[in-house]
Amino acid sequence: MSNRRPRKTAGGPPLPRDGVVRIFRDKGRRGVKAVTVVRGLPAREVEPVAKDLKRYCSAGGSAKDGAVEIQGDHREKIAARLMEQGYQVKLAGG
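Residues numbered from 1 in each chain as written. Predicted model: local features only at pLDDT ≥ 70, side-chain atom pairs only at ≥ 80, totals over all residues. Heavy atoms only, no water.

## What to know about the confidence of the model for the chain
Now for step 1: Summarising the model, the chain shows a mean pLDDT of 83, and 78% of its residues fall at 70 or more.
Now for step 2: Helix 1 (residues 46–57) holds the highest mean pLDDT among the elements of the chain, 96, whereas strand 1 (residues 20–26) holds the lowest, 91.
Now for step 3: Overall, residues 5–10 carries pLDDT values under 50, and its contacts beyond four positions in sequence, including any with other chains, amount to 15 contacts. (pLDDT = per-residue confidence, 0-100. Helix = DSSP H or I, 4+ residues; strand = E, 2+ residues; numbered from the N terminus. Contact = heavy atoms within 4.5 Å.)

As structure tokens, this is what we get:
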């Protein structure tokens with residue numbers, strides 16, 4: 001066990017360092033529009049995964065603060081895509 005604190009990314013709660021990619025639906029600060037947030041990716045993979053997911057979902061989005069944000073609610077679609085690529089995925093939040 002290390003004495004490090006869990007990392008905190010993209011304004012959400014701290015994430016455990018267990019190698020699991022978590023997919024959230026977020027509406028905060030955006031009014032009615034939903035955004036799908038992917039957290040827990042290795043830092044070097046955030047940009048390429050964001051680019052792939054934006055193309056796959058035919059939606060806009062960005063990669064910032066170690067998280068990928070895709071416009072719209074695409075949790076199931078993104079989870080399936082990431083599992084195909086070998087990531088361990090959990091749907092988190094509501």
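## Considerations on the sheet that holds strand 2 (residues 35–39)
Now for step 1: Taken in spatial order, the five strands line up as 3-4-2-1-5 in an open sheet, and their pairing is mixed. Edge strands, defined here as strands with exactly one partner in the open sheet, are strand 3 (61–64) and strand 5 (88–91). With direction set aside, neighbouring strand axes in the sheet form an average angle of 20°.
Now for step 2: As paired elements, strand 1 and strand 5 share four bridges and run parallel to each other. Looking at strand 5, one finds that Arg-22 is bridged to Lys-90.
Now for step 3: Its contacts with the sheet place helix 1 against strand 2, strand 3 and strand 4 (67–71), and it is angled at close to 15° to strand 4. (Pairing = 2+ DSSP bridges. Axes fitted to C-alpha atoms, helices over the stretch in contact; angles between N-to-C directions.)

## What about the pairing of strand 3?
Now for step 1: Pairing of strand 3 with strand 4, which is carried by four bridges, proceeds in the antiparallel orientation. Bridged to Ser-62 within strand 4 is Glu-69.
Now for step 2: Connecting the antiparallel pair strand 3 and strand 4 is a turn made up of two residues, with Asp-65 showing a positive phi of about 55°.

## Comments concerning the pattern of salt bridges
Now for step 1: On inspection of all chains with the given rule, the structure shows five salt bridges.
Now for step 2: The partner of Asp-52 in a salt bridge is Arg-81, and the shortest N-O contact between them spans 2.8 Å. A residue pair is termed long-range when its members are at least 10 positions apart, and Asp-52 in helix 1 and Arg-81 in helix 2 (residues 75–84) qualify at 29 residues. In this structure, Asp-52 and Arg-81 share a single accessibility class: buried.
Now for step 3: Where Asp-73 meets Arg-75, a salt bridge forms, and the shortest distance between an N and an O atom there is 4.0 Å.
Now for step 4: Looking at Arg-75, the relative accessible area reads 10%, which means it is buried.
Now for step 5: A single salt-bridge network, built from bridges that share partners, covers Arg-25, Asp-73 and Arg-75. (Salt bridge = Lys/Arg side-chain N within 4 Å of Asp/Glu carboxyl O. Buried < 20%, exposed > 50% of the residue type's maximum accessible area, 1.4 Å probe, protein only.)

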